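Listed below, chain by chain, are the residues.
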There are 2 protein chains.
Amino acid sequence: MSFQFEGNKEGKTNRPLVCVQGLGFVGLAMATVIANACDNDKILLYNVVGVDLPTNKNNIDIINKGELPFKTEDASFLDELRRAVLINKNFFTTSDMSFYSQADIVVVDVPLHIEKRSKNDYSKYSLSKKPFEQAIDSLGKKIKPECLVLIETTVPPGFCSKVVRPILEKNFESRNIVSSPIIAYSYERVMPGKEYLSSIRNYYRSFSGIDEKSTQKVKYFLESIINSKDYPLRREQETEACEFAKILENSYRAVNIAFIYEWTLLAENAGINLFSVIEGIKNRKTHNNIMEPGFGVGGYCLTKDSLLALWSADNFYNSVYGLPFSKRALEVNDKMPLHTIDLILQEMKVKNKKVAIMGISYRQDVGDTRFSPSELFYKELIKLKAICFVHDPYVEYWPECHEAPFIAFDHSLKDVDIIVFTVRHRCYSEATKEYLLEISKEGTLFVDAFNILDDEKISFLLKNNRNVIGVGKGHIKRIKETIKCQKY
Amino acid sequence: MSFQFEGNKEGKTNRPLVCVQGLGFVGLAMATVIANACDNDKILLYNVVGVDLPTNKNNIDIINKGELPFKTEDASFLDELRRAVLINKNFFTTSDMSFYSQADIVVVDVPLHIEKRSKNDYSKYSLSKKPFEQAIDSLGKKIKPECLVLIETTVPPGFCSKVVRPILEKNFESRNIVSSPIIAYSYERVMPGKEYLSSIRNYYRSFSGIDEKSTQKVKYFLESIINSKDYPLRREQETEACEFAKILENSYRAVNIAFIYEWTLLAENAGINLFSVIEGIKNRKTHNNIMEPGFGVGGYCLTKDSLLALWSADNFYNSVYGLPFSKRALEVNDKMPLHTIDLILQEMKVKNKKVAIMGISYRQDVGDTRFSPSELFYKELIKLKAICFVHDPYVEYWPECHEAPFIAFDHSLKDVDIIVFTVRHRCYSEATKEYLLEISKEGTLFVDAFNILDDEKISFLLKNNRNVIGVGKGHIKRIKETIKCQKY
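Predicted model only: the values in this text are computed from it and were never measured. (Residues numbered from 1 in each chain as written. Chains lettered and ligands numbered in written order. Predicted model: local features only at pLDDT ≥ 70, side-chain atom pairs only at ≥ 80, totals over all residues. Heavy atoms only, no water.)

Student: Explain the overall build of chain A to me, and be specific about the residues and the numbers.
Tutor: Along chain A, the regular secondary structure elements total 18 helices and 15 strands. If one aligns the C-alpha atoms of chain A with their principal axes, the spans along those axes are about 90 × 55 × 40 Å. Out of the 488 residues in chain A, the part that is buried amounts to 58%. Of the contacts made within chain A by residues no fewer than 6 positions apart, 74% connect residues no fewer than 24 positions apart. Of the roughly 19,700 Å² of accessible surface on chain A, 50% is carried by carbon and sulfur atoms. Separation of charge centres in chain A, based on 65 positive and 63 negative side chains, amounts to 2 Å. (Helix = DSSP H or I, 4+ residues; strand = E, 2+ residues; numbered from the N terminus. Buried < 20%, exposed > 50% of the residue type's maximum accessible area, 1.4 Å probe, protein only. Contact = heavy atoms within 4.5 Å. Areas by Shrake-Rupley, 256 points an atom, 1.4 Å probe, with all protein chains shown as cover. Lys, Arg positive; Asp, Glu negative; His and termini not counted. Charge placed at Lys NZ, Arg CZ, Asp CG, Glu CD.)

Next comes the structure, spelled out in structure tokens:
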């Protein structure tokens, strides 16, 4: 505890201390936002200590140099981190848990992993409760009785009242603290990408405390860091409701993606451009959340959050009905990339063919490869003895498939037989038809797995002796017939 | 063919003739809109003949008197019908199919029924193609070669090109007509209720012709009857795409209703107010189509349209994957009213209990009882030997359960044990808490199956010795506990 906050040196010793527990994609962004929060007179509001496990020492050192341990499209993130760490010096990171004893607020952003235990039946899962419980226990051992513990981790509904509360209460009891622990829940909706930090400050938040005191404390804290004027905070009556909301949001998206998948297959068979159909449907306000066909679903949330609610259904609420749509959606979505392989196999065998996978992150214009659908796609192609190369403008190293050779988005592609666009990164959709033609050899199969190529590009490539297929683009058959008619 | 159009008498003999085939909920509204369509100088554009089967003679007579054969909340509907039939005299209805031979345009609004053949597995269905095919055949026998045949009926994707076209072509061939039939598809999104006619004029439309000529003709016609300035028409490239869109729209809604059902059960178990959670989620534009918990799904479209696409998958496209989410949604939604019975049974047995079912139409502030979820609910309660009464401000006779005794929404309810609000009709949600108390006896169980009662009313009723339960309202348990604490 040798660190001396700059602010404190200047005598501002009563600046409240916020500890952020867990410095991942969410925790580091939250810590940065909190460290930069000011009052109306532009005076900094908080000192922030990020606390992570000693195993993450590497990241801790990077952050303390004012650098980001991951890439982001949001330039303001690095600026604000630097300002906090290097200029204002009101934010540093450590593995020393003794800081919890000084904290006025602890924001919990430690992960709570749930693993699928069967490839086909997702009712078999295992929740890694232990590390999360230990993290809460480490707080219980040290925090002041009045410290607000704000859980942001996506947890099974009921976790705050049925897991966090008993752990803290037990600790308070052994420490002879008579007051109740102050616990609240509020989930983030962080969107990595260009609006990374803004997605924390400028977005709606729901919150709830386990009692009135907790509720008032968390409301006051959130109001101080979030633009609640434009994005009013919303209080839920129970922490359960708040925990529930986060998972329901993501399950809603996951189900709608899985729903559109079955219509994608039908549209392809029927020779229909499903993207056009959906554009028309989206005119209706009541239907504008309908999803588009695509290559697959990735990321940390949409691929697993429903299982957390299923865990609660099984373990807390004895709910026999379960969540059949939500569970099935995860099963369908995880396998979705295999459909693109089916489409390719309808055109040619892939054995010994060179395939370039363009896009390995889980989302457009983002460098995060966690649970990316490209992973299964890559592994399946390797099984089929294809020779795979990968490209992603935001990724230099693919931890999940570390052996995958990278290829450039240029003339190097003249050497490959199949070019698959799997992520709608800007550089792919902005590539001109002439460029696509120039960097590919005659006979190349272009696979448009995420609506990267418009009809003009598709026609142009087809006319110039490239082949093109696409997910949800049944109408390409018709374009091919038209071109054939024109030729003969 | 004795009828003389008023306009024609005045010499406007070149006003084009539109026949509307099938004068049901859609056809009659369409016919009324077409008959009232004017050009910029407010001159009527069309003469309209409604053609229905001789079996519907009763309705034909009613319409020809300028009256509606069904109730509607849209007063303008009756006004416009009267204007067309009685004042402008450019619309009459008949069962005489010889008018087809004079038609410039035929709008097809005849139903195409698909029936479920198993209560549990909706992959077993039967499509009643015959009556629809006969209707098209009757056109083929008579229409002029240049007549535009505009299909509005919700049909399995592919029907225009694979069913309608061959029937008309075969007829043209026998009639030695060398030109191709002019066929187009455009689906309506008619919403019975206050905006009945407006939902035809002031809403987005997709359309497609089976060739360029058909496309241009239907575009010109739709522009003349629809407010396409504010609601631009959208052309799809194939009639298949257009047929597809209508069913996909309704399947999207059906799946999202079935999706929220599983979260409703979990929320009730977890003691959560799911309506509040969903209100919070709807703040997100990407999530504002999320559905609310409810009593069930009814109406002609949402309960069956997915099966039409499944029929195409099975019969036209040999699509083995099917539409598992969409199909399952219908199965789940149809059984949804049974959940309200489960909720009641958790409170009391219903045998010999008097139950008032408040709302038997399928939608709020609408009098249409077709496929209303109240039907299954009523029949199940009868099976359980409950004594059922029904009420609906928009329905005087319930054709699907003609024996059901009606009850008034007043002191008559003092005699019943259970009052179930199943439809969010305005008169129910606007009833004051004092009124609800006054018309019910002590111990009455109020069942709020569609978010008709707010928390204030619920608390008031509970405090005054009524019992209350509700679909998606797990938090009522908590309200009860609070009241209990206050009492003792």
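On we go from here.
Student: An account of the interface of chain B and chain A is requested, with residue identities and associated values reported.
Tutor: Frequently, the measure chosen for interface size is the accessible area that the parts lose on association. Opposite the 62 residues of chain B that make contact, chain A presents 62 residues. At the boundary of chain B with chain A, total buried surface from both sides reaches about 5,800 Å², with 65% on carbon and sulfur atoms. Taken together, the connections running from chain B to chain A amount to six salt bridges. A salt bridge links Glu 279 of chain A to Arg 234 of chain B, with the shortest nitrogen-to-oxygen separation between them at 3.5 Å. Counting every contact that joins chain B to chain A gives 33 residue pairs in polar contact (both at pLDDT 80 or more). Considering every element that reaches the side of chain B that touches chain A, the biggest residue donor is helix α9 (residues 239–270) of chain B, with 23 residues. Its residues assigned to classes, the side of chain B that touches chain A comprises 33 nonpolar, 16 polar and 13 charged. (Buried area = accessible area lost by both parts, 1.4 Å probe. Salt bridge = Lys/Arg side-chain N within 4 Å of Asp/Glu carboxyl O. Polar contact = N/O pair within 3.5 Å; in protein donor to acceptor, adjacent residues only side chain to side chain. Nonpolar A, V, L, I, M, F, W, Y, C, P; charged D, E, K, R; others polar.)

Student: With reference to specific residues and values, describe the packing of helix α9 (residues 239–270) of chain A against helix α12 (residues 324–335) of chain A.
Tutor: Residue and element names in this part refer to chain A. Look at α9 against α12: their axes get within 8 Å of each other, and the N-to-C directions meet at 60 degrees. If you check the angle between α9 and α12, you find them oblique. Crossing handedness for the pair α9 and α12: left-handed. Along its contact with α9, which presents Ser 251, Ala 254, Val 255, Ile 257, Ala 258 and Tyr 261, the element α12 presents Phe 325, Ser 326, Ala 329, Leu 330, Val 332 and Asn 333. When the residues that make up the contact of α9 with α12 are grouped by side-chain class, the tally is nine nonpolar, three polar and no charged. (Axes fitted to C-alpha atoms, helices over the stretch in contact; angles between N-to-C directions. Parallel < 35°, antiparallel > 145°, perpendicular 65-115°, else oblique. Left-handed = near helix turned anticlockwise from the far one by under 90°.)

Student: With reference to specific residues and values, describe the relation of the copies chain B and chain A.
Tutor: Between chain B and chain A, which share one sequence, the superposing operator has a rotation angle of 180 degrees and an axial displacement of 0.0 Å; the RMSD is 0.0 Å. Such a combination of turn and shift is consistent with a two-fold rotation axis. Scanning chain B for the C-alpha nearest the rotation axis identifies Asn 289 of chain B, at a separation of 3.0 Å. Taken together, the interface assignments show that 100% of the residues at the interface of chain B recur at the interface of chain A, consistent with an identical surface on both copies. (Least-squares fit on C-alpha atoms with pLDDT ≥ 70 in both.)

Student: Describe the sheet that holds strand β13 (residues 418–421) of chain B, naming the residues involved and giving the relevant values.
Tutor: All names here are of chain B. Strand order across the open sheet formed by five strands is β12-β11-β13-β14-β15, with parallel pairing between neighbours. Since the sheet does not close on itself, it has two edges, and those belong to β12 (387–391) and β15 (467–470), each with one partner. Direction aside, neighbouring strands of the sheet carry axes that sit 20 degrees apart on average. The pairing of strand β11 (residues 354–358) with β13 spans four bridges and is classified as parallel. Residue pairing for β13: Ala 356 is matched across the bridge by Ile 419. Each of β13, β14 (445–448) and β15 is contacted by helix α13 (residues 337–347), which is oriented at about 150 degrees to β15, the strand it contacts most. (Pairing = 2+ DSSP bridges.)

Student: So, the side chain of Ser 440 of chain B: which residues are in play, and what are the values?
Tutor: Following the sequence through the fold, Ser 440 of chain B ends up in the loop between α16 (433–438) and β14. If we ignore the near neighbours within four places in the chain, the residues touching Ser 440 of chain B are Lys 414, Ile 419, Phe 446 and Arg 466 of chain B.

Student: How would you explain the pairing of strand β7 (residues 148–151) of chain B if you had to name every residue and give the values?
Tutor: All names here are of chain B. The alternating pattern of β7 places Leu 148 and Leu 150 on one face and Val 149 and Ile 151 on the opposite face, and all of these are buried. Bridging between strand β4 (residues 105–108) and β7 involves four bridges; their strand directions are parallel. Looking across to β7, one finds that Val 108 is bridged to Ile 151. Where β7 and strand β8 (residues 182–185) come together, four bridges link them in parallel fashion. Following the sheet pairing, Leu 150 is matched in β8 by Ala 184. The β-α-β motif built from β7, the intervening helix α6 (residues 159–174) and the parallel element β8 has right-handed crossover chirality. (Right-handed = clockwise from strand over helix to strand, strands pointing away.)

Student: Mind laying out the pattern of salt bridges, listing which residues take part and the relevant values?
Tutor: When the charged atoms of two side chains with opposite charge come close together, those side chains can pair. A complete count under the given rule lists 66 salt bridges over all chains for this structure. The partner of Lys 246 of chain A in a salt bridge is Glu 188 of chain A, and the shortest N-O contact between them spans 3.3 Å. Linking Lys 246 of chain A in helix α9 with Glu 188 of chain A in the loop between β8 (182–185) and α7 (198–201), this pair joins segments that are 58 residues apart in sequence. Notably, a salt bridge pairs Asp 334 of chain B with Lys 116 of chain B, separated by 2.6 Å at the nearest N-O pair. In this pair, Asp 334 of chain B is assigned in helix α12 (residues 324–335) and Lys 116 of chain B in strand β5 (residues 114–116), connecting sequence segments 218 residues apart. On the basis of relative accessible area, Lys 116 of chain B is assigned to the partly exposed category, the value being 28%. The network of salt bridges with common partners includes Asp 121, Lys 124, Lys 327, Arg 328 and Glu 331 of chain A.

Student: Lay out the state of the cysteines in plain terms, naming residues and giving numbers.
Tutor: Residues and elements named next belong to chain A. Tallying each qualifying case throughout the model produces zero disulfides over all chains. Of all cysteine sulfurs, the one in Cys 19 lies closest to Cys 38, which takes part in no disulfide; the gap is 20 Å. A residue is classified by how much of its surface remains accessible, and Cys 38, at 35% relative accessible area, is partly exposed. (Disulfide = S-S within 2.5 Å.)

Student: Let's hear about helix α18 (residues 476–487) of chain A: which residues, and what values?
Tutor: The end-to-end C-alpha distance of α18 of chain A, which contains twelve residues, comes to 16 Å, matching closely the 16 Å that a straight helix rising 1.5 Å per residue would cover. In this structure, the buried side of α18 of chain A is in contact with α17 (455–463) and β15 (467–470) of chain A. (Expected span 1.5 Å × (residues − 1).)

Student: Let's hear about the side chain of Ser 206 of chain A: which residues, and what values?
Tutor: Residue and element names in this part refer to chain A. Position of Ser 206 relative to the elements: it lies in strand β9 (residues 206–209). Ser 206 sits in the buried class, given a relative accessible area of 3%. Setting aside its immediate chain neighbours within four residues, Ser 206 contacts Tyr 185, Ser 186, Tyr 187, Arg 234, Glu 236 and Cys 242.

Student: Residue-level account of helix α6 (residues 159–174) of chain A, with values.
Tutor: Residues and elements named next belong to chain A. Here α6 spans 22 Å end to end across 16 residues, near enough to the 22 Å set by a 1.5 Å rise per residue. Along its length, α6 reaches its greatest deviation from straightness, about 35 degrees, at Arg 165, and the proline Pro 166 lies no more than four positions downstream. Those residues of α6 lying buried are Phe 159, Cys 160, Val 163, Val 164, Ile 167, Leu 168, Asn 171 and Phe 172. Elements that come into contact with the buried residues of α6 comprise β6 (125–127), α5 (129–140), β7 (148–151), β8, α9 and α11 (305–315). Phi turns positive, to about 60 degrees, at Asn 176, one or two residues after α6. (Bend = angle between axes of the 7 residues up to and from the residue.)

Student: Please set out empty space enclosed by the protein residue by residue, giving values where relevant.
Tutor: Residue and element names in this part refer to chain A. This structure, assessed with the given rule, holds one cavity of 30 Å³ or more. Quantified by volume, the largest cavity comes out at close to 40 Å³. Contributing to the lining of the largest cavity are Tyr 187, Glu 188, Arg 189, Val 190, Ser 199, Ile 200, Tyr 203, Tyr 204 and Arg 205. Here the residues of the lining of the largest cavity are counted per class, giving five nonpolar, one polar and three charged. (1 Å grid on protein atoms, 1.4 Å probe; cavity = no way out; pocket = protein on both sides within 12 Å on 5 of 7 lines; lining within 4 Å. Points joined across faces, edges and corners; volume = space filled by probe spheres on them.)

Student: I'd love a proper account of the sheet that holds strand β3 (residues 91–94) of chain B, names of residues and values included.
Tutor: All names here are of chain B. An order of β3-β2-β1-β4-β7-β8-β9-β10 is seen for the eight strands of this open sheet, with the pairing classed as mixed. One side of each edge strand has no neighbouring strand; the edge strands of this open sheet are β3 and β10 (234–235). In this structure, strand β1 (residues 17–21) lies alongside strand β2 (residues 47–51), joined through five bridges in parallel fashion. Following the sheet pairing, Val 18 is matched in β2 by Val 48. Relative to the sheet, α9 contacts β8 and β9 (206–209), its axis offset from that of β9 by approximately 150 degrees.

Student: Which residues make up the environment of Glu 240 of chain B, and what values go with them?
Tutor: Note on placement: Glu 240 of chain B falls in helix α9. Once you skip the residues sitting within four places of it in the chain, Glu 240 of chain B turns out to touch Ala 270 and Ile 272 of chain A together with Pro 157, Gly 158, Ser 161 and Tyr 317 of chain B.

Student: Break down the confidence of the model for chain A for me, with residues and values.
Tutor: Atomic detail in the predicted coordinates should be set aside for any region of low pLDDT. Mean pLDDT over chain A stands at 95; residues scoring 70 or higher make up 98%. With a pTM of 0.95, the predicted complex shows an ipTM of 0.94. (pLDDT = per-residue confidence, 0-100.)

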